[in-house]
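Below are the chains, spelled out letter by letter.
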Amino acid sequence: VQLVESGGGLVQAGGSLRLSCAASGRSISTLTMGWFRQAPGKEREVVAAIGRVAGNTYYTDSMRYRFTISRDNTKNTVSLQMNSLKPEDTAVYYCAAGGRLTAGSRVDDYNYWGQGTQVTVSS
C-alpha cells in the first residue's frame, strides 16, 4: 500500500486546510485509515481515524470539534478537514493505513505510512 498526502501549507490562525491522502496498491475499503501528526521534538500522535465500519471514527479530544475525517472508498482517498486552526496544530501530518476493523489510535495499529505533509499555522 502506498499513501501520498497533499494539501498541507501555511495558514493563519483561525483558518482552514483540507488534507487528502491517496492510496494505491489496495482498496481502502479493506483498511482502517488514520491521520497522525508530529511536531518537532514531540512524539507522533493520533489526530483522527476512521474504521471500516460505517460511522466508526476516533478523534483526539482537542481536535474533535475542529477536525473531520472522511473516506471515499470509490476514489480510494481519505481526507482531513481542519478548521479553526491554531499555532499548536503546526506539525507534519501523516496518513496511515492498517488492517483493523475499527479506528485505532495507536501508531502500532497501522502498517503503512505516507511521507507526510507540513502544516504550519501562524499566529
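For the structure, see preceding data.
A. Local environment of the environment of Asn 111. Its place among the elements puts Asn 111 in the loop between strand S9 (91-98) and strand S10 (112-113). Here the alpha-carbon distance between Asn 111 and Asn 56, two residues 55 residues apart in the chain, equals 19 Å. Asn 111 has contacts with Ala 97, Gly 98 and Gly 99, leaving out every residue within four places of it along the chain.

B. Up close: the pattern of salt bridges. Summed over the entire model, instances satisfying the criterion amount to six salt bridges. Residues Arg 66 and Asp 89 are paired through a salt bridge, measuring 2.8 Å at the closest nitrogen-oxygen approach. Placement of the pair is Arg 66 in the loop between strand S6 (57-59) and strand S7 (67-72) and Asp 89 in the loop between strand S8 (77-82) and S9, with a sequence separation of 23 residues. One exposure class covers both Arg 66 and Asp 89, and it is buried. In this structure, Asp 109 and Arg 100 form a salt bridge, with 3.6 Å as the shortest nitrogen-oxygen distance. Judged by relative accessible area, Asp 109 falls into the buried class, the value being 9%. When its relative accessible area of 31% is taken as the criterion, Arg 100 is described as partly exposed. Salt bridges sharing partners connect three or more residues here, namely Arg 37, Glu 45, Arg 66 and Asp 89.

Criteria and thresholds
- In this convention, every chain numbers its residues from 1, walking through the sequence in written order.
- Per-residue local features are limited, in this predicted model, to residues with pLDDT of at least 70; the limit for side-chain atom pairs, both in listing and counting, is 80 or more; totals at the level of whole chains, interfaces and linings are taken over all residues.
- Just so you know, side-chain values use all the structure's heavy atoms and leave hydrogens and water out.
- In DSSP terms, a helix is any run of H or I states spanning at least four residues, a strand is any run of E spanning at least two, and both are numbered starting from the N terminus.
- Residues count as neighbours in contact if any of their non-hydrogen atoms are within 4.5 Å of one another.
- Criterion for a salt bridge: a side-chain nitrogen of Lys or Arg within 4 Å of a carboxyl oxygen of Asp or Glu.
- Exposed residues in this analysis have more than 50% of their type's maximum accessible area, buried residues have under 20%, and partly exposed residues fall in between, with area computed by a 1.4 Å probe over protein chains only.

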